[in-house]
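Spelled out from the first residue to the last, the chains are:
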Amino acid sequence: MNYDELIRFISYFLDKIFISYAFLIIFSYTVLSLISGFSLNYYLKKNSFVDYSVILDSPLSPSVSVIVPAFNEAKTIVDNVESIYTIHYNNFDVIIINDGSTDSTFQELEKAFQLEQVNFAVNMEIPTQEIRGVYKSSLSTFPNLIVVDKENGGKADALNAGINVSEKALFMAIDADSILEPDAVLKLVKPFLERTDRRVIAAGGVVRIANSCMIENGRIMEVRVPRNLLARMQVLEYTRSFLMGRIAWAKLDGLIIISGAMGMFDRDIVIQSGGYAHTIGEDMELVVRIRRFMSESREKYKIEYVPDPLCWTEAPVSIGDFGRQRSRWTRGTIETLTDHSKIFFSTRYGAMGMLGYPFWFIFEWLAPLIELLGIIYVMVLYFTNNLSLNFILVTFLFVYTFALFFSTMAILYEEITFHRYERRMDVFRLWIAAVLEPFLLHPLNLFFAVKGNVEYMMGNRKWGKMERKGFLHRQS
Amino acid sequence: MSWWVFHIIFPICRLMFGFLPKESLKVFDLIQSIIERLEALVNYIFERLPYNALNRLIIYLIITFFVALIVLLPSIVFLKLYITYRDRKYARLYKKYSNNVIQYLMNALGEAELDEIKKMNSRFHRRVMVDVLMAIDKAENKEVSDKIRSLYKEIKLDSDSRRKVRKRSWHKRIRGIRELSHMREKSENQRILDFLQHGNEVLRIESQIGLIKLLPFVPFAFLDSQEKSFTVWEQINVFDLIRKKRIEIPEFHLWLDHWNDSVVMFSLDMIRILKQKEATPKVLELINHDNDRVKGKVIKTLVELENMDAVAQLKEMYLLEELPNKLNIIKSIGQLRLESEIGFLEKELKEEDFKIRMECCKSIALLGAWGEQRLQNIALEADNQLKKIINHVLDPRL
């Protein structure tokens, strides 16, 4: 075999790999979107008969702790705590963990809620950094507010401290900047109540982007598409991911992530499986670990996903913040996948082992790397005069039309199901974002995902800081 | 006649037999030219690509996605407009029918308007009317209810509801069950009974609730044949009905020997919440139940029924129990305020388990000022962990 023949052989082989990979991705996403469509249809019909208010004052309803880790959130923490108290539920407490903030987070809480130190004996079922003190609000309007002041140990450590302090059957972990829908707890509790022979160990809900939305007294009053283009394109991303991805994964029993912005868990199971791990992708890692724990204990279980938008969060609007977030997500994914590599194609772990984990490995971790390889390959072909420009254009058009079709489907799903964007122009703006996304957001995503891989190899385990711009508040 | 021939029959014949005027053919020309151009485009692309099946597949997929996009975009616009139109129409009709029904209840509705309502044909209109009738009937005034039911029958909405129950799709069946049970229409009871074992959980719950309303003298008969797990969600819905509807509450001990543990647990909860003391002997019989979750509920129920005699038995089984039931037993001693059991509680304080120590301290504190004093004395010689627990229990803010 001479040099030219070798090049041709390698080229033939790589062509097949890239094309097969592209077809496989498109096929997987199409199947997932179809499953999501059926699931959403069933859920909406089912939900139209549900009266959630029966949970509110029933003595049979479970107790819930809302756990909020806070690190340097002085500017927004008081508003955020007040917003949590707008939720509709009776049997709940709120546990704020000040994770050794270096700003005045604790002082703000102390002043606003008139905190008093109490003699709280914490059962350290999960080891954490030292707890400096446990405080309770002396205001009658915040009867169940507990603030834990502790040494800095990271988000996972703070959440573990909250779990130790909680005495409730279920806990809901949320980010300090999350805005909850008033019925978020009611809707997340319901799957736990529907337990049959399979124990429900966790439930997640749809997280949406709140940039440019109107907020009043900690509640979303008017939903708008973000004015910032980067945030707007992330709205599309979130819609696709939650409405067309995770719902299908929950249906297939292959879900391996519940967003750290909001998720509800069975406290006993989390404690038995060791609590949150000190990783950068602690939300995904916890779900994988509790699933592993249940599978290895040979107990029947399930993880549920509620398709309703239950939580709103702020998306990064600067490329720097966006990059830090995406590279962290990539590192978190790699860390979780490598820590639990035993699951890969293992029948012991059911759909998680045979579907969920392989999907994340092949289409989440490897996708940006394969795409980068593809770009390098095209460049090599170009410089060696072996590139068919027509073929590249057609392939690009193929991927682009699919991306646009898929995003348009996501907008259609949103319109059929929850239609939260009431203004017609908002839907049009979203679609324009879908047209631009493959040219603007996707290259950024690719770059930061590759960067995340490199950083992971270099041993970077830093969380990174995102600057909050704050939400739009309606003038009273 | 000539108008019909020239304007209807001739054009149809031309369409069917191809004798079309030149103007009409222009549309087909346009479509044909679009197809030809598309074909030319595809051929142009194919000519410049190596000929193979993959390339063809890619081109056809691009066309498919493109056509799908062209279909999807107007669909989104149409959907947005339709949803707004439908919601507005519903609100308008709801208001109109609410006024009509209120006038009917006050005997102030004119004959013409009543006739118009009776002749209502549109399914959407009839659906709004049922919603209005059910909403107004929530006032639970017998006279109002009777009049609403008679109007429901006059408009023949009952046959609509029956038809819905017989439909294949589960959500339509549920609507039918809701309407019939609300209007106390018993004609489809057998069919609803069949739904009790249905695989669809929502349909099952609605059938249970429907039957509770439809069979007021034997509302919980469905429990006898409950094969599937009776989920907490179902229990909450049923309990809500007990509270709101003031239906005849049965003696729940009748289901304590049910083969389905979820029914037993529900019955125990009901005995506990409704304080059915006469059930105590049958509850006691379950104290050694195989299922730990049932056993836990038995302990809680016995405490709520203030059964002091059970304590000796609970203490006997304590050692062999798992942690959750051990905690339940300790808690029960505290809740029953049994000073005589202080020795047992103090002995358990020597355990290393945090939860057991915490529960013991709480139980001792429940004995009142005497118990609190006892805890303070214990704290003097206690280890660090126990001291913290005692301080926690004695802190009135916690």
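It should be emphasised that the depicted structure is a prediction, and the values quoted were computed from it without experimental measurement.

(A) Quick peek at the overall build of chain A. If you tally the helices and strands in chain A, you get 13 helices and 13 strands. Its C-alpha atoms give chain A a radius of gyration of 23 Å, within 12% of the compact-globule value 23 Å for 476 residues. The principal-axis extents of the C-alpha atoms in chain A amount to approximately 80 × 50 × 45 Å. Taking all 476 residues of chain A together, 60% fall into the buried category. Across chain A, the fraction of contacts at a sequence separation of at least 24, relative to all contacts at a separation of at least 6, is 79%. For chain A, the exposed area adds up to about 19,600 Å²; of that, 58% sits on carbon and sulfur atoms. For chain A, the separation between the mean place of its 48 positive charges and that of its 52 negative charges on side chains is 4 Å.

(B) Structural detail: the overall build of chain B. A tally of regular secondary structure across chain B gives 20 helices and 0 strands. For chain B, buried positions account for 44% of its 398 residues. Summarising the internal contacts of chain B: among those between residues at least 6 apart in sequence, 62% fall at separations of at least 24. Split by element, the accessible area of chain B, about 22,500 Å² in all, is 56% carbon and sulfur.

(C) View of the nonpolar core. Counting 266 residues, the largest nonpolar core has Ile-96 and Phe-265 of chain A together with Phe-220 of chain B as the members making the most contacts within it. With 14 residues, helix H3 (residues 53-105) of chain B is the single largest residue contributor to this core. Looking at this core, you find at least three residues from each of domain 1 (251-336) and domain 2 (340-398) of chain B. If we ignore the near neighbours within four places in the chain, the residues touching Phe-220 of chain B are Ile-212, Val-238, Ile-242, Ile-247, Pro-250, Phe-252, Trp-255 and Phe-266 of chain B.

(D) Main features of the sheet that holds strand E2 (residues 92-99) of chain A. Residue and element names in this part refer to chain A. Pairing in this open sheet of 10 strands is mixed, and the strands run E3-E4-E5-E2-E1-E6-E11-E8-E12-E7 from one edge to the other. For this open sheet the edge positions go to strand E3 (115-118) and strand E7 (179-180), each flanked by a neighbour on one side alone. Taken together, the 10 bridges between strand E8 (residues 199-209) and strand E12 (residues 301-313) define a ladder with parallel strand orientation. Paired with Gly-205 across the bridge in E12 is Val-306. In this fold helix H6 (residues 184-193) packs onto strand E1 (64-70), strand E6 (170-174), E7, E8, strand E11 (262-266) and E12, with an angle of close to 150° to the strand it touches most, E8.

(E) Structural context of the packing of aromatic side chains. All names here are of chain A. Counting across every chain of the model gives 42 aromatic pairs over all chains. Taken together, a centroid distance of 5.9 Å and an interplanar angle of 40° make the contact between Tyr-238 and Phe-242 tilted. Note that Tyr-238 and Phe-242 are positioned in helix H7 (residues 229-252) at a spacing of 4 residues, about one turn of the helix. Phe-242 carries the same exposure label as Tyr-238, and that label is buried.

(F) Region of interest: the domain arrangement of chain B. All names here are of chain B. We note that the domain assignment places domain 1 (251-336) and domain 2 (340-398) within chain B. Placing a centre on the C-alpha atoms of domain 1 and another on those of domain 2 gives a separation of 25 Å. Contact residues are listed per partner, giving 11 residues for domain 1 and 11 residues for domain 2. Buried area between domain 1 and domain 2, summed over both chains or domains, comes out near 1,100 Å², and the portion from carbon and sulfur atoms is 76%. Our enumeration of links across domain 1 and domain 2 arrives at 2 residue pairs in polar contact (both at pLDDT 80 or more). Grouping the amino acids of the side of domain 1 that touches domain 2 by side-chain chemistry returns 6 nonpolar, 2 polar and 3 charged.

(G) Structural context of the confidence of the model for chain B. Residue and element names in this part refer to chain B. Averaged over all residues, the pLDDT of chain B equals 84, while 90% of them reach at least 70. Within chain B, helix H12 (residues 261-273) carries the highest mean pLDDT (92), whereas helix H1 (residues 2-17) carries the lowest (61). For this predicted complex, the interface confidence reaches an ipTM of 0.87, while the overall pTM sits at 0.86.

(H) Looking closely at the interface of chain A and chain B. Counting residues at the interface gives 54 residues for chain A, matched by 55 residues for chain B. Interface of chain A and chain B: buried area, both sides summed, is about 5,000 Å²; carbon and sulfur atoms make up 73% of it. Between chain A and chain B we count 5 salt bridges in total. Its salt-bridge partner being Asp-57 of chain A, residue Arg-243 of chain B comes within 3.2 Å of it at the nearest N-O pair. Elements with a contribution of two residues or more to the side of chain A that touches chain B: helix H1 (3-47), helix H2 (53-56), E3, H6, helix H12 (389-417) and helix H13 (424-457) of chain A. Ranked by residues supplied to the side of chain A that touches chain B, first place goes to H12 of chain A with 15 residues. Within the side of chain A that touches chain B, the residues separate by chemical class into 29 nonpolar, 10 polar and 15 charged.

(I) The packing of helix H7 (residues 157-166) of chain B against helix H8 (residues 170-182) of chain B, seen in detail. All names here are of chain B. Here H7 crosses H8 at 140°, and the two axes come no closer than 7 Å. Considering the angle they form, H7 stands oblique to H8. For the element pair H7 and H8, the recorded crossing hand is left-handed. Where H7 abuts H8, its residues Asp-158, Ser-161, Arg-162, Lys-164 and Val-165 lie against Lys-172, Arg-173, Arg-175, Gly-176, Ile-177, Glu-179 and Leu-180. Of the residues belonging to the contact of H7 with H8, the class tally is 3 nonpolar, 2 polar and 7 charged.

Procedures and definitions
- Residues numbered from 1 in each chain as written.
- Chains lettered and ligands numbered in written order.
- Predicted model: local features only at pLDDT ≥ 70, side-chain atom pairs only at ≥ 80, totals over all residues.
- Heavy atoms only, no water.
- Helix = DSSP H or I, 4+ residues; strand = E, 2+ residues; numbered from the N terminus.
- Rg over C-alpha atoms; globule rule 2.2 N^0.38 Å.
- Buried < 20%, exposed > 50% of the residue type's maximum accessible area, 1.4 Å probe, protein only.
- Contact = heavy atoms within 4.5 Å.
- Areas by Shrake-Rupley, 256 points an atom, 1.4 Å probe, with all protein chains shown as cover.
- Lys, Arg positive; Asp, Glu negative; His and termini not counted.
- Charge placed at Lys NZ, Arg CZ, Asp CG, Glu CD.
- Core = buried A, V, L, I, M, F, W, Y, C linked by side-chain atoms within 4.5 Å.
- Domains from an automatic or database assignment.
- Pairing = 2+ DSSP bridges.
- Axes fitted to C-alpha atoms, helices over the stretch in contact; angles between N-to-C directions.
- Phe/Tyr/Trp six-rings, centres within 6.5 Å; stacked < 30°, edge-to-face > 60°.
- Buried area = accessible area lost by both parts, 1.4 Å probe.
- Polar contact = N/O pair within 3.5 Å; in protein donor to acceptor, adjacent residues only side chain to side chain.
- Nonpolar A, V, L, I, M, F, W, Y, C, P; charged D, E, K, R; others polar.
- pLDDT = per-residue confidence, 0-100.
- Salt bridge = Lys/Arg side-chain N within 4 Å of Asp/Glu carboxyl O.
- Parallel < 35°, antiparallel > 145°, perpendicular 65-115°, else oblique.
- Left-handed = near helix turned anticlockwise from the far one by under 90°.

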